[in-house]
Amino acid sequence: EIPGELTIIRIEEMIGVSDITGTFHVEVGSKVSKKDLVYSHKALFGFFVSEVRSPVSGTVEYILKEEGHIGIRLPSR
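Quantities reported herein were computed from a predicted structural model and do not represent experimental measurements. Counting of residues starts from 1 at the beginning of each chain's written sequence and follows it residue by residue. Local features in this predicted model are restricted to residues of pLDDT 70 or higher, and side-chain atom pairs are both shown and tallied only at a pLDDT of 80 or more, whereas totals for entire chains, interfaces and linings draw on every residue. To obtain the side-chain values, all non-hydrogen atoms of the structure were used and water was disregarded.

*Asks:* Break down the overall build of the protein chain for me, with residues and values.
*Replies:* Counting from the N terminus, the helices are DSSP H or I runs at least four residues long and the strands are E runs at least two residues long. What the protein chain contains, in helices and strands, is one helix and seven strands. Going from the N terminus to the C terminus, the protein chain shows its helices and strands as β-α-β-β-β-β-β-β. To sort residues, take the accessible area from a 1.4 Å probe on protein chains only and compare it with the maximum for the residue type: under 20% means buried, over 50% means exposed, and anything in between is partly exposed. Looking at the 77 residues of the protein chain, the share that counts as buried comes to 29%. The contact criterion used throughout is that any non-hydrogen atoms of two residues lie within 4.5 Å. Contacts spanning at least 24 positions in sequence make up 51% of the contacts within the protein chain whose residues lie at least 6 apart. By the counting rule applied here, Lys and Arg register as positive and Asp and Glu as negative, while His and the ends of each chain are not counted. For charged residues, the charge sits on one atom: NZ in Lys, CZ in Arg, CG in Asp, CD in Glu. Positive and negative side-chain charges in the protein chain, numbering 9 and 11 respectively, have mean positions lying 7 Å apart.

Structural data, given as structure tokens:
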């Protein structure tokens, strides 16, 4: 088997915030499908909600909360 590619989600770039204080909806080792909610951020007393959804299906390999990165490994071939 060949390990699948690693897709990195860069939350700061996707939603345009520099302070990652929202909620991560996945954990390391969990399986995600394309378009699953992986992160959300509420602003201005909850009136505005930004969501980040997975661009691929795979397994969450790592989460770097300080940098706002989520690594998703695609299935092996």
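*Asks:* Summarise the pairing of strand S4 (residues 37–43); cite the residues concerned and give the values.
*Replies:* Strand direction decides the pairing type here: strand S2 (residues 23–24) and S4, joined by two bridges, are antiparallel. Opposite threonine 23, over in S4, you have serine 40 as the bridge partner. A pair of strands is labelled paired if DSSP reports no fewer than 2 bridges between them. Pairing geometry for S4 and strand S5 (residues 48–53), over six bridges, is antiparallel. The residue of S5 that forms the bridge with leucine 37 is arginine 53.

*Asks:* So what's going on with the pattern of salt bridges? Residues and values would help.
*Replies:* In what follows, salt bridge is the name for a side-chain nitrogen of Lys or Arg lying within 4 Å of a carboxyl oxygen of Asp or Glu. Applying the stated rule across the entire model yields two salt bridges. Put simply, arginine 73 and glutamate 61 hold a salt bridge, and the shortest N to O gap is 2.8 Å. With arginine 73 in strand S7 (residues 69–73) and glutamate 61 in strand S6 (residues 58–64), this pair connects stretches of sequence that are 12 residues apart.

*Asks:* Could you give an account of the sheet that holds S7, with specific residues and numbers?
*Replies:* Pairing in this open sheet of four strands is antiparallel, and the strands run S1-S7-S6-S3 from one edge to the other. Looking at strand neighbours, the two that pair on one side only are strand S1 (6–10) and strand S3 (31–32), the edges of this open sheet. Pairing analysis gives two bridges linking S3 to S6, with the strands arranged antiparallel. Counted as the bridge partner of lysine 31 is threonine 59 from S6.

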